[in-house]
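An overview of the molecular structure
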Amino acid sequence: MHVLILSPYPEALIAPVTARGDRVTTRSDLLSEADFAAIRPDWIISYGYRRLITAPVLELYADRIVNLHISLLPHNRGADPNFWSWVDNTPKGVTLHLIDGGMDTGPILVQREVELDPDIETLKSSYVRLRQEIEDVFARHWDAIASGRLQPRIQTTCLPMHRAADKTTLFALLPEGWDTRARTAMRLLSAAQREAGHADKDQTTN
């Protein structure tokens, strides 16, 4: 079997795939439909790949494109899921899911909830921890996914999603950027969101 890994950091995913005797191709650039046709993978794995996979490719590889997402879906769909999990104080975790035409809305294959202490973790350290967790989940479950033993379940709830630009204003408030302690980030960012909400409400009532 030939597996295409779309990722800027594919290293941790290669061993679980080759352990099955499968062949791996790794790419991180934007691929055209002709590129996919030339590579001819049996499965596609997306991990941190922030490029568009076109509808014809999604249709051709339906139920054979797996995404690694560092949130406990349906929470924190889209970009920067770890950042928003602290802003919105939502459950932390990781998810392997099939890619469909939506943004992180595809059927879930496996999830793991992760306990993170906001008094110990920074935004950066919690991101690193979630990366480690999802790579471990992938390694433990890839064979079951590829062999069809792990059946997906449809997401029945669709919560709001975020784009990369959504965090710009809030992120500028963090005193140490990604190295800001999670508890500090939660306090500052939740207060900023409340103030923004009050300002929006005032505008609508004037």
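In this report, we go over the structure that sits alongside the text. Computed from a prediction, not measured in an experiment: that's the story for all the values here.

1. Some words on the side chain of Asp104
The topology assignment puts Asp104 in the loop between β6 (93-98) and β7 (108-113). Despite its burial, Asp104 pairs with no opposite charge; the closest candidate is Arg77, at 5.8 Å N-O. Within polar-contact distance, the side chain of Asp104 engages the backbone nitrogen of Gly78 at 2.7 Å. At a separation of 3.4 Å, a polar atom in the side chain of Asp104 contacts the side chain of His97. When neighbours within four sequence positions are excluded, Asp104 is seen to be in contact with Asn67, His69, Leu73, Arg77, Gly78, His97 and Gln155.

2. Re the environment of Thr122
Tracing the chain through its elements places Thr122 in the loop between β7 and α5 (123-146). Thr122 gets classed as buried once you look at its relative accessible area, which sits at 14%. Residues Thr122 and His141 lie 19 residues apart in sequence; the distance between their C-alpha atoms is 28 Å. Once you skip the residues sitting within four places of it in the chain, Thr122 turns out to touch Trp178, Asp179, Thr180, Arg181 and Ala182.

3. Some thoughts on the sheet that holds strand β1 (residues 2-6)
Strands sit in the order β2-β1-β3-β4-β6-β7 across an open sheet of six strands; the sheet is mixed. Of all the strands in the sheet, just β2 (23-27) and β7 have a single pairing partner and so form its edges. Going across the sheet, the axis of each strand differs from the next one's by a mean of 15°, ignoring polarity. Relative to β6, strand β4 (residues 65-69) runs antiparallel, the two being bridged by four bridges. Residue pairing across strands places His69 opposite Thr95, the latter belonging to β6. Where helix α1 (residues 11-18) meets the sheet, it contacts β1, β2, β3 (43-47) and β4, and its direction lies at approximately 160° from that of β2. The strands touched by α5 within the sheet are β1, β3, β4, β6 and β7, with β6 carrying the most contacts at an inclination of about 35°.

4. Describing the pattern of salt bridges
A complete count under the given rule lists 13 salt bridges for this structure. In this structure, Arg112 and Asp136 form a salt bridge, with 2.9 Å as the shortest nitrogen-oxygen distance. Of this pair, Arg112 sits in strand β7 while Asp136 sits in helix α5; the two residues are 24 residues apart in sequence, bridging distant segments of the chain. With a closest N to O distance of 3.3 Å, Arg149 and Asp143 form a salt bridge.

5. Details of the layout of surface pockets
There is about 970 Å³ of room inside the largest pocket. Of all the secondary-structure elements, those providing two or more residues to the lining of the largest pocket are β3, β4, α4 (81-87), α5 and β8 (161-162). No other element matches the four residues that α5 contributes to the lining of the largest pocket. Looking at side-chain class alone, the lining of the largest pocket contains 18 nonpolar, ten polar and nine charged residues.

6. With respect to the pairing of β2
Bridge count for β1 against β2 is five bridges, and the pairing is parallel. From the neighbouring strand, Val3 faces β2, where its bridge partner is Val24. What joins β1 to β2 is α1, and the crossover it makes is right-handed.

7. What about α1?
Those residues of α1 lying buried are Leu13, Pro16 and Val17. The arc that holds the buried residues of α1, viewed along the axis, is 100°, so those residues lie on one side. Elements in contact with the buried residues of α1: β1, β2, β3, β4 and α5.

8. Notes on the packing of aromatic side chains
Aromatic ring pairs are defined here through the distance separating the ring centres and the angle between the ring planes. Per the counting criterion, the structure on display carries seven aromatic pairs. Judged by centre distance (4.9 Å) and plane angle (80°), the ring pair of Tyr9 and Tyr47 falls under edge-to-face. One end of the pair, Tyr9, is in the loop between β1 and α1; the other, Tyr47, is in strand β3, and 38 residues separate them in sequence. Of the residues examined, Tyr9 reaches a relative accessible area of 21% and is grouped as partly exposed. Overall, the relative accessible area of 2% leaves Tyr47 in the buried class. Residues Phe171 and Trp178 carry aromatic rings whose centres are separated by 4.7 Å and whose planes lie at 45° to one another, so their mutual orientation is tilted. The structure contains a cluster of three or more aromatic residues connected by ring pairs, namely Phe83, Trp84, Phe171 and Trp178. We note Lys92 situated over the ring of Trp86; from NZ or CZ to the ring centre the distance is 4.3 Å.

Reading the values: the criteria
What you see as residue numbers is a count from 1 along each chain, following the sequence as written. Totals for whole chains, interfaces and linings use every residue, but because this is a predicted model, local features are given only for residues with pLDDT of at least 70 and side-chain atom pairs only at 80 or more, for both listing and counting. Only hydrogens and water are set aside; all other atoms, that is, all heavy atoms of the structure, feed into the side-chain values. Secondary structure elements follow DSSP: runs of H or I of four or more residues count as helices, runs of E of two or more count as strands, with numbering from the N terminus. Each residue's exposure class comes from its accessible area (1.4 Å probe, protein chains only) as a fraction of the maximum for that residue type: buried when under 20%, exposed when over 50%, partly exposed otherwise. Asp and Glu count as negative and Lys and Arg as positive, but His and the ends of the chain are not part of the count. In what follows, salt bridge is the name for a side-chain nitrogen of Lys or Arg lying within 4 Å of a carboxyl oxygen of Asp or Glu. We define a polar contact as two N or O atoms separated by no more than 3.5 Å, with the added condition that, inside protein, one atom must be a possible hydrogen donor and the other a possible acceptor, whereas residues neighbouring each other in sequence contribute only through side-chain atom pairs. Should any heavy atoms of two residues lie within 4.5 Å, those residues are considered in contact. Only when DSSP finds a minimum of two bridges between them are two strands counted as paired. Angles here are taken between N-to-C directions and fall from 0 to 180 degrees, while the axes themselves are lines fitted to C-alpha atoms, restricted in helices to the stretch in contact. Using a 1 Å grid laid over the protein atoms alone, points where a 1.4 Å probe fits but cannot get out form a cavity; open sets with protein on both sides within 12 Å along at least 5 of 7 lines form a pocket; any residue with an atom within 4 Å of a point counts as lining. Grid points are joined across faces, edges and corners, and a volume is the space filled by probe spheres set on the points. Residue polarity is assigned by list, with Asp, Glu, Lys and Arg as charged and Ala, Val, Leu, Ile, Met, Phe, Trp, Tyr, Cys and Pro as nonpolar; anything else, Gly included, falls into the polar class. With the strands pointing away from the viewer, any crossover whose connection runs clockwise from the first strand over the helix to the second is right-handed. Each direction from the helix axis to a C-beta atom contributes to the arc, which is the arc of those directions. Pairing of aromatic rings covers Phe, Tyr and Trp, the last through its six-membered ring, and needs centres within 6.5 Å; plane angles under 30 degrees mean stacked, over 60 mean edge-to-face, and all others mean tilted. Both a distance and an angle decide whether a charge sits over a ring: NZ of Lys or CZ of Arg must be within 6 Å of the ring centre and within 35 degrees of the ring normal.

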